[in-house]
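Structural overview for review
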Amino acid sequence: MAPDNALDALLHENRRFPPPAELAAAANAQPDIYDRAAKDRLQLWEEMARRLDWDQPWDQVLDWQLPYAKWFVGGKLNASVNCLDRHVAAGRGGKVAFHWVGDGERDHRDLTYAELHREVCKAANALTELGVKAGDRVAIYMPMIPETVVAMLACARIGAPHTVVFCGFSAEALRGRILDCDCQVVITVDGQYRRGAPTPVKAAVDEALLECPNVRHTLVVRRTGGDVDWDAGRDVWWHDVVDGQSDQHQAEAFDAEHPLYIMYTSGTTARPKGILHTTGGYLTHVSATHHYVFDLKPDTDVYWCAADIGWVTGHSYIVYGPLANGATSLMYEGTPHPGDKDRWWKLIDRYKVSILYTAPTTIRTLMKWGAQELEPYDLSTLRVLGSVGEPINPEAWVWYHTYVGGGRCPVVDTWWQTETGGIMITPLPGVTTAKPGAAMRPFPGVSADVVDNEGKSVPNGSGGLLVLTEPWPGMLRGIWGDDERYRQTYWSRFPDAYFAGDGAKRDEDGDLWLLGRVDDVMNVSGHRISTTEIEHALVGHPSVAEAAVVGASDPTTGQAIVAFVTVRGSVAEDEAGGEQLVESLRNHVASTIGPIAKPRQIMITPDLPKTRSGKIMRRLLRDIAENRELGDVTTLLDPTVTEMIRDRMTLGAED
Ligand code: WT7
């Protein structure tokens, strides 16, 4: 990109961005919200909970037995009713819930709240007919199409927790999740569109189910019309069992703590964790944060969260938060790609998008393609811009603010995790004077701190580890089937605080800056990927003896996966043999975990650098992968190993 002097100046002045006066005056969040939280945070959360419809009010706001929280104890509600029925009943049935646009704009469809409600009722009736009862787990392996939302809300409606598995995960990864939470029904599609081309999806489900004896049915949406294998005893078409159902469904109210969904996420071991979310607290948290952080005005805004529903961002900020608030959303099936550089700007123009929520990696990609791509389009409807998934570098922040937001839109950098359910640290668009790159302050009602290794709060101007010091409504209620791991992972590092796994800095003004993971978890394009999980996949390949994986910094994807492997026996020493092996290893990782986990680079090396006690020196490998001068290698068993690895860095490099 050509040097941009105006941007440079903005960056170097260390500029602050106060909220625009007009927005601030009418903003959902006013400055006193922080005082109200400080005075009585539980009362504020209760106020936020009252934005929902409850069939039975709670008798206790919070029951906290560290590390187990129950919120809105005794309350009863139905999440699907809160997302649909109440809007229809209030006369807003004709309002668009989703402007859905297919990959490459091959097709599009507008769904009103009334239509979505009818579809969900039909699907709920169909699931009941297939024998799904409250408490049963249902896996959803689907792309970004309206039926995915319908399937989730139908599950919620009948109290069957869903587990949505991102369509980019492999058959093996899908199987692991189905088995871990013992799903008996899987909802999927024949295929999906990716960059204009149809690709099979059901084939992966068939493969996964070869070893899932408890799955009774798969419910298959016809999306591409591609050929599929059919198991007549197990598979049913969505159009056969859903379309003919009654569009009425009397929903039952469930306990506030009834499980709503399980979302798997990578941890520091090879096995993903099933993060459990429940109903009342979660819905309160996501609807309130969606209302205040994006300043949503349901009657006039068009909101676009460009995440995939297969991740928590899609659950909280495409489905549950926006629908609970009666928002009109744009839902886009495609992802930005070089053949289609102006698609995003075209969509914002066409649908008059006013709130955009996306990840820094996307912003950097769009930035790389250049501001001239925006010029032909009218982006003047935009008024709030959000960022999530990884630290946003000030350059990307300022570009987003200047070019996408035309200098007038607040940028909210929102920190949270699969485990937190909803946004935890964020500016408020009408209140906060923002600093590019800082997530600023805990959301009102949330308590966070930055501590040193001993758990002591650090003074302003210092860095440390991020902890959450009080329970919050959207917090995970545990790891599915593994209480011990729940305690170990989040509650053992410090005695009375939740350990997030992120490094953070509190600046001189007391504002928070998130610095990235401090554990073996990588963040690649905003996707959370475990180094251990990839190492595990690599050593599962017959040619691999040992593997070490590190996240190297990457200008576009934030981090990139770099693997170092030693091989069993001998591999053809010539370059072609090495290249073949590297390719086969990359494919092996893709088929074990999914294409998102494919290493950018795999180094085949005769040995791995280890300490005298046999620990792999990851820090050193990261230095090598990032081409830095090596630090102290005196504790290294064989310093020549690093030299050998470095010599080979040029081999096996992938684009
Ligand atoms: C990890 C959680 C939150 C939904 C998407 C990712 C990183 C997330 C930010 C941010 C700096 C961020 C953290 C966190 N992260 N948002 N605004 N600034 N880092 O959810 O897959 O559970 O990943 O993403 O490292 O721990 P996730």
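Note that the coordinates shown come from a computational prediction; the quantities given were computed from them, not determined experimentally. (Residues numbered from 1 in each chain as written. Predicted model: local features only at pLDDT ≥ 70, side-chain atom pairs only at ≥ 80, totals over all residues. Heavy atoms only, no water.)

1. Re the packing of aromatic side chains
Inspection of the entire model under this criterion finds 30 aromatic pairs. Relative to Trp344, the ring of Trp304 lies with its centre 4.5 Å away and its plane at 45°, an arrangement referred to as tilted. Here Trp344 lies in helix α13 (residues 343-351) and Trp304 lies in strand β16 (residues 302-305), a separation of 40 residues in the sequence. According to the relative accessible area criterion, Trp304 is buried, its value standing at 1%. Residue classification places Trp344 among the buried residues on the basis of a relative accessible area of 4%. A network of ring pairs unites the aromatic residues Trp64, Tyr68, Trp472, Tyr486, Tyr490, Trp491 and Tyr498 as a single cluster. (Phe/Tyr/Trp six-rings, centres within 6.5 Å; stacked < 30°, edge-to-face > 60°. Helix = DSSP H or I, 4+ residues; strand = E, 2+ residues; numbered from the N terminus. Buried < 20%, exposed > 50% of the residue type's maximum accessible area, 1.4 Å probe, protein only.)

2. As for unusual backbone geometry
A cis geometry characterises the amide bond from Leu66 onward to Pro67, with omega recorded as 5°. Here Pro67 shows up in the loop between β1 (60-65) and β2 (68-73). Its identity as a non-glycine residue notwithstanding, Arg195 has a phi of 50°, on the positive side. Residues other than glycine seldom take positive phi values, yet Met440 does so here, at roughly 75°. Position of Met440 among the secondary structure elements: in the loop between β20 (411-414) and β21 (448-451).

3. Regarding the domain arrangement of the chain
The domain architecture assigned to the chain consists of domain 1 (76-91 + 106-264) and domain 2 (521-651). For domain 1 versus domain 2, the distance between C-alpha centres works out to 38 Å. Taken together, the contacts link 6 residues of domain 1 with 7 residues of domain 2. Taken together, the two surfaces of domain 1 and domain 2 that pack against each other cover about 480 Å², and 56% of this comes from carbon and sulfur. For the interface between domain 1 and domain 2, the tally reads 0 salt bridges. Within the side of domain 1 that touches domain 2, the residues separate by chemical class into 3 nonpolar, 2 polar and 1 charged. (Domains from an automatic or database assignment. Contact = heavy atoms within 4.5 Å. Buried area = accessible area lost by both parts, 1.4 Å probe. Salt bridge = Lys/Arg side-chain N within 4 Å of Asp/Glu carboxyl O. Nonpolar A, V, L, I, M, F, W, Y, C, P; charged D, E, K, R; others polar.)

4. A word on the nonpolar core
The biggest cluster of nonpolar side chains holds 159 residues, and the ones touching the most others in it are Ile187, Tyr320, Leu323 and Ile534. Split by domain, the residues of this core number at least three in each of domain 1 (76-91 + 106-264) and domain 2 (521-651). Look past the residues within four positions of Ile187 in its chain and what remains in contact with it is Leu127, Val138, Ala139, Ile140, Tyr141, Met142, Ala151, Leu219 and Trp238. Grouped together as the second largest cluster of nonpolar side chains are 34 residues, Leu366, Trp369, Ala371 and Leu382 included. (Core = buried A, V, L, I, M, F, W, Y, C linked by side-chain atoms within 4.5 Å.)

5. Section: α13
Since the α-helix advances by 3.6 residues per turn, residues separated by three or four positions end up pointing in the same direction. When α13 is considered as a whole, its buried residues turn out to be Arg343, Trp344, Trp345, Leu347, Ile348 and Tyr351. A positive phi of about 55° marks Lys352, the residue just after α13.

6. So, the pairing of strand β8 (residues 185-189)
Walk down a regular strand and you will see the side chains alternate between the two sheet faces. The element β8 is largely enclosed, with a buried count of 5 among its 5 residues. Both strand β6 (residues 138-141) and β8 contribute to a ladder of 4 bridges, which runs parallel. Among the inter-strand pairings, Ile140 is bridged to a residue of β8, identified as Ile187. Bridge count between β8 and strand β11 (residues 217-221): 5 bridges; the pairing is parallel. Following the sheet pairing, Thr188 is matched in β11 by Val220. (Pairing = 2+ DSSP bridges.)

7. A word on the site of the ligand
In the vicinity of the ligand there are 17 residues, among which Asp413, Thr418, Asp502, Arg517 and Arg528 approach most closely. Interatomic distance of 3.4 Å between a backbone N/O atom of Pro391 and a nitrogen atom of the ligand. One of the backbone N or O atoms of Thr414 is found 2.8 Å from a nitrogen atom in the ligand. Broken down by secondary-structure element, the contributors of at least two residues to the shell around the ligand are α12 (312-324), β20 and β24 (512-517). Residue composition of the shell around the ligand, grouped by class: 6 nonpolar, 6 polar and 5 charged. (Near = heavy atom within 4 Å. Polar contact = N/O pair within 3.5 Å; in protein donor to acceptor, adjacent residues only side chain to side chain.)

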